[in-house]
Amino acid sequence: MDPAGNPDDTYSIRHKKETWRHTLMLSFQSLGVVYGRLSTAPLYVFGTIPTEDFQSDSAFEYFSFIFWTLTAISLLKYAFLVLRADDNGEGGTFALYSLLCRHAKVGLLPDDRSTKEVMHHERGSPLRIKAESRARRAIEKYRSSHYLLLFSALFGACLVIGDAVLTPSISVLSAFAGLQRALSQIKYSSSPMTQHSISVAIERYVPVAFACAVLVCLFMLQHYGTRKIGFIFAPIVTIWILFIGGVGLYNIFHWNPKILGAISPVFMFKFVRNIDKKSWKSLGSILLCVAGSEAMFADLGHFSKKSIQITFACLVYPLLVFCYAGQAAYISKHLHASEDFNHLSKSVPGKLFHCFQFGLLATTHGILNPDSWKNANPEHLGHVFIFLSLLASVIGSQATITASFSIIKQCLALGCFPRVKVVHTSNNLHGQVYIPDVNWLLMVLSLTVTIGFHDLHRIATSVGLAIVSGMVVTTCLMSLVIALHWEKTLFISGCFLLFFGFVESVYLSACMLNFHKGGWYLLVISAVTFTVMLAWHYGTKKKYEFDLQNKVPTEWLTDYSPGLGVCRVPGIGLIYTDIVSGIPAFFSHFITNLPAFHQVLIFVSFKSLPIPYVPPSERYLIGRVGSKDHKIYRCIVRYGYCDQIRDTDDFEEQIIRSIGEFISLEENDSESLISPEGRMMIVGKPSPDGKALIPLHDNNSINVGSANMANAETYKGAASDLIEKAGPLCRKKVRFMLPDNSPRMRVCVREELQELVNARESGTAYFLGQSHLELRKDTNFVKKFLIMAYVFLDKNCREPPVALNIPHAALVEVGIVCTI
């Protein structure tokens, strides 16, 4: 049950059955996917603050900021509040936008009521009418607010994608920085000149080269899916977070137990009282402690709400607090130590963890003298920390990568991203997806950042700006969800916006001070991605508006076409269209120029449901267009996110068989709905009279003299077995036979079924519309640019799923010019 008291339909039903065993399994997997980034943030939070910025009480003040930022943003905002605003199990900024579009009239796609009625029937639960409020009336009244919400959602999605480019780079480079320090401390058995050359080579090339190799391996693992990656990465993250938490506890009691008193907000006020521009910039590094919090919400579709909350509140949050407290305690006692005393690797007690040594590195090709590292200082050599940090930093990138997959999948559903292939890697969880095209693009961009910047401080500036900007967008959209979807008072919504907006605006101002150092790169990535999304949404919207505005009433085809000299030709015509009422514009264009259409017409529309699979018995929704004499039908194919659209060769036979069942069951079906065009019903269920249209292969036949349901089911099963045994080569050679004469089958029904059989034997043609956008002469430059970008993307992205596997000899593409 959502906060507004509404059932969450399919998603809610699935998660009510979630057992504790399943929850604990998902919690364990989430450690390797969601929390890798939060747990590796200590590698660069204190380490990216300039050492000269630390004063006597700086460690206490910085830790106070870290503690309250983690508590307010990660724990309170995301784990306990934002996670409740899921959209059927999906999270992220587009999930919030989707909620607003459904519960307030702020969506920019045209209002197709027929589609809503179909989806209402599909979901199986009535839509709750939201009570009118002043806020809802105000936001629905002004068109500018609709555009502002769309732009906010698109901008938030762009920030997630930009973060997925930057985070792998900074995570891996930060870990290899520790490796670089360890290697630089080793004595080489060579001349001083050679030692200097090796040190320079290590400093310049080792981190970047190794980081690029690791990044390639990381992105190559993505096709295994969230479940397998979670089981592989979760043990490493568990060991890592327990390790840094234990080190933090050791440092607290060994160096400065008084650091626990820094939990008091007095230290934050002290920092603000003595603030200057230089120290204000350092807050941009402190912000990195919550890096990965947005991924908790964006990755929600990959796991469950309960599993994410339990893992963070019971394990990740307390151990991170101990880690940061221990590091601050160490820094407070080493303010006048050597350079880089604020890096996490310096606070690890080397003598306690002297259990891993670089034996392989020392003996490989004789680069290092095996006798030299044996006598090296244990403070700098052999730390298990280095090995764990390398593994954990790689895993830390996983949260943003999977979050980008989830966000892009949501953008696809709302028509805001070019067509890409989405691979669902789980049959149980809707949100576990892998997008190959996006994965390789992210890899190339991440390698570009690593090679181009090769500097932690510059990349950290861009990462911090991406994090806080995404949080600001989430805060704004969430405040509207509280008011419009949860129907709370404006006072509660305003308090949420003011409190979290103030905290995040403080960090945003700190990040903007370092914009020239690296934040500009995030702006470039976001601008390009935003343009792509906006152009695709604008082009899709214009094409859909054209289809709705130019669709022809069904009477034009059924009543007036005979008088216009339109003739009927033998065969079946399958017309694929996105609209579920009326005649699509491209088909009326075809009839106008070529006044003929097939003996049987079937308008086919595809509608997705938020479930993995739709059973064959519930997949087809069939209805008539016009009277029985016209032989025109409408078929709405419902599919789940794991169903393959047109991925089987018997798809045509399934539709025709469903229409045959519809004809047989039309007069006594109890589960039907009333649409503006007439009566539609779900087909695929057993017939009470046992009547069916049975497909048979080649010249084989089965006599169906169905006197009862059991016999009909037997014959149907025999026909299905025969289809499976015939193999893929025989599936295209399907013949249809009618049942034997039965007193229960009316003559008119038999005649209509016979006409359908004859039309099928004459052949089938597939009609697809191809819209060509044409701009008016007075169109401004912005619209011209967006349409040009859309046309370019449309020609170079993947084909629509409906066009797959259609025989080219039977495909008819109808071009139509859309003037916008």
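All values derive from a computational prediction rather than experimental measurement. (Residues numbered from 1 in each chain as written. Predicted model: local features only at pLDDT ≥ 70, side-chain atom pairs only at ≥ 80, totals over all residues. Heavy atoms only, no water.)

1. Topic: the overall build of the chain
A tally of helices and strands in the chain yields 30 helices and 12 strands. Burial analysis of the chain (820 residues in total) assigns 55% to the buried set. Sequence separation of at least 24 residues holds for 83% of the intrachain contacts in the chain that already meet a minimum separation of 6. Entry remark: accessible area of the chain is about 35300 Å², with carbon and sulfur atoms responsible for 61%. (Helix = DSSP H or I, 4+ residues; strand = E, 2+ residues; numbered from the N terminus. Buried < 20%, exposed > 50% of the residue type's maximum accessible area, 1.4 Å probe, protein only. Contact = heavy atoms within 4.5 Å. Areas by Shrake-Rupley, 256 points an atom, 1.4 Å probe, with all protein chains shown as cover.)

2. As for the pattern of salt bridges
Under the definition given, this model contains 8 salt bridges. A salt bridge links Lys77 to Glu504, with the nearest nitrogen and oxygen atoms 2.5 Å apart. Of this pair, Lys77 sits in helix α4 (residues 58-81) while Glu504 sits in helix α23 (residues 490-512), placing them 427 residues apart in sequence. Of the residues examined, Glu504 reaches a relative accessible area of 1% and is grouped as buried. (Salt bridge = Lys/Arg side-chain N within 4 Å of Asp/Glu carboxyl O.)

3. Quick notes on the pairing of strand β6 (residues 632-639)
Counting buried residues along β6, 8 of its 8 residues qualify, which places the element largely inside the surrounding structure. What you see with β6 is no split at all: Ile632, Arg634, Ile636 and Arg638 on one side and Tyr633, Cys635, Val637 and Tyr639 on the other are buried throughout. Sheet analysis places strand β4 (residues 596-608) next to β6, joined by 8 bridges and oriented parallel. Paired with Ser608 across the two strands is Tyr639, which belongs to β6. Judged from the 5 bridges that link them, strand β5 (residues 620-624) and β6 form a sheet pairing that is antiparallel. Each bridged residue has a counterpart across the sheet, and for Gly623 the counterpart in β6 is Arg634. (Pairing = 2+ DSSP bridges.)

4. Side note on α4
Leu75 marks the point of greatest bend in α4, at about 25°. Most of α4 is tucked away: 20 of the 24 residues are buried. (Bend = angle between axes of the 7 residues up to and from the residue.)

5. Focus on the pairing of β5
Most of β5 sits out of view: 5 of its 5 residues are buried. The alternating pattern of β5 places Tyr620, Ile622 and Arg624 and Leu621 and Gly623 on opposite faces, both of which are buried.

6. Focus on unusual backbone geometry
Here Glu487, not a glycine, exhibits a phi torsion of approximately 60°, which is positive. Note on placement: Glu487 falls in the loop between α22 (456-484) and α23. One non-glycine residue with positive phi stands out, namely Lys631, at about 55°. Looking at the secondary structure, you find Lys631 in the loop between β5 and β6.

7. Quick notes on a nonpolar patch on the surface
A contiguous nonpolar patch, built from Met25, Phe28 and Phe231 and spanning about 220 Å² of accessible area, is present on the exposed surface. In this structure Phe28 comes out as partly exposed when scored by relative accessible area, which is 32%. (Patch = residues over 30% accessible without salt bridge, like charges linked within 9 Å, V, L, I, M, F, W, Y side chains within 5 Å.)

8. Concerning the confidence of the model for the chain
Low-pLDDT portions of the prediction should not be read for the details of their coordinates. Chain-level pLDDT for the chain is 75 on average; 73% of the residues reach the 70-or-more range. For residues 1-16, every residue scores under 50 in pLDDT, and the model assigns this stretch 31 contacts once sequence neighbours within four places are set aside. Long-range and interchain partners of residues 686-734, a stretch whose pLDDT sits below 50, account for 85 contacts in this model, where long-range means more than four residues apart. (pLDDT = per-residue confidence, 0-100.)

9. Re the packing of helix α5 (residues 93-103) against α22
Following both chains from N to C, one finds α5 and α22 inclined at 30°, their axes separated by 10 Å at the closest point. Considering their axes alone, α5 and α22 lie roughly parallel with respect to each other. You can see that α5 and α22 cross each other, and the crossing is left-handed. Counting all contacts with α5, which are made through Thr93, Leu96, Leu99, Leu100 and His103, the residues of α22 involved are Val473, Thr474, Leu477, Met478, Leu480, Val481 and Leu484. Among the residues making up the contact of α5 with α22, the classes are represented as 9 nonpolar, 3 polar and no charged. (Axes fitted to C-alpha atoms, helices over the stretch in contact; angles between N-to-C directions. Parallel < 35°, antiparallel > 145°, perpendicular 65-115°, else oblique. Left-handed = near helix turned anticlockwise from the far one by under 90°. Nonpolar A, V, L, I, M, F, W, Y, C, P; charged D, E, K, R; others polar.)

10. Some words on the nonpolar core
Residues Tyr324 and Phe587 are the most contacted members of the largest nonpolar core, which totals 183 residues. When residues of this core are assigned to their parent elements, the largest contribution, 16 residues, is made by helix α8 (residues 143-184). Not counting residues up to four positions away in its chain, the partners in contact with Tyr324 are Ala41, Pro42, Val45, Phe46, Phe63, Ile66, Leu70 and Cys289. (Core = buried A, V, L, I, M, F, W, Y, C linked by side-chain atoms within 4.5 Å.)

11. Some details on the environment of Ile170
With respect to the secondary-structure elements, Ile170 resides in helix α8. Along the primary structure Ile170 and Arg458 are separated by 288 residues, whereas in three dimensions their C-alpha atoms are 9.5 Å apart. Aside from chain neighbours lying at most four places away, what touches Ile170 is Tyr44, Leu456, Ile459, Ala460 and Val463.

12. Focus on the packing of aromatic side chains
A ring pair, where both rings are aromatic, is described by two values, the distance of the centres and the angle of the planes. A complete count under the given rule lists 26 aromatic pairs for this structure. Relative to Tyr434, the ring of Phe405 has its centre 5.9 Å away and its plane inclined at 85°; by these criteria the two rings are edge-to-face. Placement of the pair is Phe405 in helix α20 (residues 398-413) and Tyr434 in strand β2 (residues 433-434), with a sequence separation of 29 residues. Consider the rings of Phe453 and Trp520, whose centres lie 6.0 Å apart with planes at 45°: the pair is tilted. Taken as a pair, Phe453 in helix α21 (residues 436-453) and Trp520 in helix α24 (residues 515-550) lie far apart in primary sequence, 67 residues in all. An aromatic cluster is built from Phe587, Phe590, Phe603 and Phe767, whose rings are joined through pairwise contacts. The cationic tip of Arg84 hangs over the ring face of Trp486; the distance from NZ or CZ to the ring centre is 5.1 Å. (Phe/Tyr/Trp six-rings, centres within 6.5 Å; stacked < 30°, edge-to-face > 60°. Lys NZ or Arg CZ within 6 Å of the ring centre and 35° of its normal.)

13. Quick notes on the side chain of Ser145
Note on placement: Ser145 falls in helix α8. In terms of polar contacts, Ser145 uses its side chain to reach the backbone carbonyl oxygen of Tyr142, at 2.5 Å. (Polar contact = N/O pair within 3.5 Å; in protein donor to acceptor, adjacent residues only side chain to side chain.)

14. Notes on the packing of helix α27 (residues 651-665) against helix α29 (residues 747-762)
The N-to-C vectors of α27 and α29 enclose an angle of 165°; their axes lie 9 Å apart at closest approach. In terms of orientation, α27 lies roughly antiparallel with respect to α29. α27 and α29 meet at a crossing whose hand is right-handed. In contact with Glu652, Glu653, Ile656, Ile659, Gly660, Ile663 and Ser664 of α27, α29 contributes Val749, Glu752, Leu753, Leu756 and Arg760. Looking at side-chain class alone, the contact of α27 with α29 contains 6 nonpolar, 2 polar and 4 charged residues.

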